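Structure at a glance
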Amino acid sequence: MVEAKALVKRFGDFEAVRGIDVEVRRGEAFGFLGPNGAGKSSTMRMIASVSPRTDGDLKVLGMDPNIDGPRIRARLGVVPQQDNLDNELTVRQNLQVYGRYFGLSRAHVRRKADELMEFAQLSDRAEHEVEPLSGGMKRRLTIARALVNDPELLLLDEPTTGLDPQARHLLWDRLFRLKAQGVTLIVTTHYMDEAEQLCDRLVVMDGGRIVAEGSPAELILRYSTREVVELRFAPGEEVPADRVADLADRVEVLPDRLLLYTAAGESALEQVHQRGVRPLSSLVRRSTLEDVFLRLTGRTLVD
Amino acid sequence: MSVESTGRVVPAWRGAWLRVEGYWAWYRRYWKSNVYSTGLQPLLFLLAMGLGFGSQVPAGPATGGLSYVHYIAPALLVSASLQNAVGESTYPVLSGFKWQKDYLAVTATPVTPGQVLGGHLIWVTLRLLLAGSVYAVVAVPFGAWLNAGAVLVVVVGAVTGLACAAPVTALAATTYDEGTRFNGVFRFVVMPMTLFAGTFFPIEQIPPALRWLAWISPLWHGNELARGVTLGGLDLLPALGHLAFLAVLFAVGALLARRYFYRRLVV
């Protein structure tokens, strides 16, 4: 669906994307994980065929966006980072008007609008204006709008940023359904739980480069241990890293926390206590993509 | 399982027209306040200036031997049309890029920035024709028109407005702040033009040293054409000259706007 080779995007002197290779296959859910400013959105905009590449090769649906932009966009669905719905139109009008831009007939967009409002659980708001809707509803409407042309490839830029947990889960559920219908998804996110939930395969981006690639499970296996012991200390208190360093495969020192990477968390924690180290609180958990990112970049995803 | 998209590329004019359709969906919800402000406001001017103030103005050489209301009725339409056109091409265009971001939403579809621009200009023109018609009709019982040339005045108004809409749209497309420069456009261009470009009195009253300011203002060219099509007294050659001025203004504005639309939407 998407094939990028040595893809580069520069804005003046600033190099947002520094030569990345990506391949997205039909039917999969593919993720770009990384902190703000990693180059995820720039990459998405190039795939969406609204932003010309500076260098390298890019094929979307087998076509070159520089030549066939409109033909590619006709078959894409785009959910931008910020909702850009028409606030002064109704929910139904937003879907119908937008559908027409894809060359669809009036009868078709009427039918499709009903179907999509059902899908996005907005049927009872059909004749409401968009402006007063909640953030979650607007987001669902933006996604519904992106589906009006039955896209083969759906691009979602930070789909759940700013939503409450319930709204996020509802949204994820809708995305799973789409995937089950065979829609290829590309998602950018700086939430590791979102990436783990949604993505079959993902790349970790940092500073415009891809630093790792694989399925969430593969990445965790490759770059982290099975379990992590988190020791939290009072702010200002010295973190006793060297007293416990030998208990784990690897230790990460954060301002108020110590992370011990080990295959057996409980026994490591027991030994920590035996050595007389007394953290404010402790926790044994499974490794996540957050740990992978920390390992790869030395930084956390969300500050 | 595989999905096949129903989306298709839309031909150039079709894309622009689909934008008009979108504006129309919006207009159907908000037409009342619009018709009032755009169609009936110039009527208030006609009543105050044409009938009220005009009652003190004797028909003479300056008015071409006509009563004052007949003299200013066509020019008031053109002047209002120009103000509408500039208004519709400032904040609404900036909003498309910056606040509402509908231009960004639409250019994610097969519709191109050029079609978005085309849709805007066509829509502005239709609005001007509509507002001009409302004014023209409501002005009939007040005896504003001498003949059916009034219909052509509506067209001249739309043409003059469109000629100004294009460069102002280009300006809006290069505006990145909150649009404070638009106030300057209204205060230092539109307002003086309304007062001094031959709407209320012939520009021959302006000292020769400053008269060139009227000559380069699109409103004067529009006013001359508008009076010509209903009051007569306009020869073919000057008429073509006025049209050419407006056409060039439109062409330059539209080309610049097109360039700036692409520059801002394809980054």
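See the structure above.
Residues numbered from 1 in each chain as written. Chains lettered and ligands numbered in written order. Predicted model: local features only at pLDDT ≥ 70, side-chain atom pairs only at ≥ 80, totals over all residues.

**Some details on the overall build of chain B**
What chain B contains, in helices and strands, is 10 helices and zero strands. Its helices and strands in sequence order give chain B the pattern α-α-α-α-α-α-α-α-α-α, from N to C terminus. Against the compact-globule benchmark of 18 Å for 267 residues, chain B has a radius of gyration of 20 Å, which places it among compact chains. With the C-alpha coordinates aligned to their principal axes, the bounding extent of chain B is approximately 80 × 40 × 35 Å. The buried share among the 267 residues of chain B stands at 48%. (Helix = DSSP H or I, 4+ residues; strand = E, 2+ residues; numbered from the N terminus. Rg over C-alpha atoms; globule rule 2.2 N^0.38 Å. Buried ≥ 20, exposed ≤ 12 C-beta atoms within 10 Å, placed from the backbone.)

**Brief notes about the overall build of chain A**
Counting its regular elements, chain A contains 11 helices and 13 strands. Overall, chain A is about 75 × 45 × 35 Å in size when its C-alpha atoms are taken along their principal axes. Within chain A, the fraction of its 303 residues that count as buried is 49%. Of the contacts formed within chain A by residues at least 6 apart in sequence, a portion of 69% connects residues at least 24 apart. (Contact = placed C-beta atoms within 7 Å.)

**Brief notes about the sheet that holds strand S9 (residues 209–214) of chain A**
Residues and elements named next belong to chain A. The six strands lie next to each other as S5-S6-S7-S3-S8-S9, forming an open sheet whose pairing is mixed. The open sheet is flanked by strand S5 (76–79) and S9, the only strands paired with a single partner. On average, adjacent strands in this sheet sit at an angle of 15° to one another, irrespective of strand direction. Along the sheet, helix H8 (residues 216–223) makes contact with strand S8 (201–206) and S9, crossing S9 at roughly 105°. (Pairing = 2+ DSSP bridges. Axes fitted to C-alpha atoms, helices over the stretch in contact; angles between N-to-C directions.)

**Comments concerning the nonpolar core**
Within the largest apolar cluster, 150 residues are counted, with the highest numbers of intra-cluster contacts made by A:Ala144, A:Leu155, A:Leu185, A:Val204, B:Leu77, B:Leu162 and B:Ala166. Top element by residues in this core is helix H6 (residues 150–173) of chain B. It accounts for 16 residues. Aside from chain neighbours lying at most four places away, what touches A:Val204 is A:Leu33, A:Gly34, A:Ile210, A:Val211, A:Ala212, A:Val292, A:Phe293 and A:Leu296. Counting 12 residues, the second-largest nonpolar core is a separate cluster that includes A:Leu258, A:Tyr261, A:Ala268 and A:Leu269. (Core = buried A, V, L, I, M, F, W, Y, C linked by C-beta atoms within 7 Å.)

**Regarding the interface of chain B and chain A**
Between chain B and chain A, the residue contacts involve 28 residues of the former and 29 residues of the latter. Looking at the side of chain B that touches chain A, the elements with two or more residues in it are helix H1 (12–52) and helix H4 (102–106) of chain B. For the side of chain B that touches chain A, the class distribution of residues is 15 nonpolar, nine polar and four charged. (Nonpolar A, V, L, I, M, F, W, Y, C, P; charged D, E, K, R; others polar.)

**Focus on helix H1 (residues 40–47) of chain A**
Residues and elements named next belong to chain A. Taking burial as the measure, the eight residues of H1 include eight buried ones, the bulk of the element. Three or more residues of H1 are buried, namely Lys-40, Ser-41, Ser-42, Thr-43, Met-44, Arg-45, Met-46 and Ile-47. Of the residues one or two after H1, Ser-49 is the one with positive phi, at around 65°.

**Here's the deal with the environment of A:Glu237**
The topology assignment puts A:Glu237 in the loop between strand S10 (227–232) and helix H9 (241–244). For the pair formed by A:Glu237 and A:Asp256, sequence separation is 19 residues and the distance between their alpha carbons is 7.9 Å.

**Brief notes about the environment of A:Gly34**
Residues and elements named next belong to chain A. For Gly-34, the position within the fold is in the loop between strand S3 (29–33) and H1. Counting along the chain gives 157 residues from Gly-34 to Tyr-191, while the straight-line C-alpha distance between them is 8.4 Å. In this view, Gly-34 contacts Lys-40, His-190, Val-204, Met-205 and Asp-206; residues no more than four positions away in its chain are not counted.

**Remarks on the sheet that holds strand S2 (residues 14–24) of chain A**
All names here are of chain A. With respect to topology, three strands assemble into an open sheet ordered S2-S1-S4, the strand pairing being antiparallel. Bordering the open sheet on either side are S2 and strand S4 (55–60), each of which pairs with just one other strand. Going from strand to strand, the sheet's axes swing by 25° on average, the running direction of each strand aside. Here eight bridges tie strand S1 (residues 2–11) to S2, and the two strands are oriented antiparallel to one another. By the bridge assignment for S2, Lys-9 is matched with Val-17.

**Some thoughts on unusual backbone geometry**
Residue and element names in this part refer to chain A. The backbone of Gln-121 shows a phi angle near 55°, a positive value even though the residue is not glycine. Despite not being glycine, Glu-158 has its phi angle at roughly 50°, a positive value. Mapped onto the fold, Glu-158 is located in the loop between strand S6 (153–157) and helix H6 (165–180). With 20 C-beta atoms packed within 10 Å, Glu-158 lands in the buried category.

**Focus on the pairing of S6(A)**
Residues and elements named next belong to chain A. Across the five residues of S6, five count as buried, placing the element largely inside the fold. The alternating pattern of S6 places Leu-153, Leu-155 and Asp-157 on one face and Leu-154 and Leu-156 on the opposite face, and all of these are buried. With four bridges joining them, S5 and S6 adopt parallel strand pairing. The residue bridging Gly-77 from the neighbouring strand is Leu-154, located in S6. Of the pairings in the sheet, the one linking S6 to strand S7 (residues 184–189) comprises five bridges and is parallel in character. Directly across from Leu-153, in S7, lies its bridge partner Thr-184. Note that the unit made of S6, H6 and S7 has a crossover that is right-handed. (Right-handed = clockwise from strand over helix to strand, strands pointing away.)

**Concerning the pairing of S8(A)**
Residue and element names in this part refer to chain A. Taking burial as the measure, the six residues of S8 include five buried ones, the bulk of the element. Across four bridges, the pairing between S3 and S8 is parallel. In the sheet register, Gly-31 faces S8, and the bridge partner there is Leu-202. Note: S8 against S9, five bridges, orientation antiparallel. Residue Asp-206 lies in a different strand from S9, and its bridge partner there is Arg-209. Hairpin remark: S8 followed by S9, antiparallel, with two residues in the connecting loop; positive phi at Gly-207, about 55°.

All quantities given are derived from atomic positions and should not be read as evidence of function.
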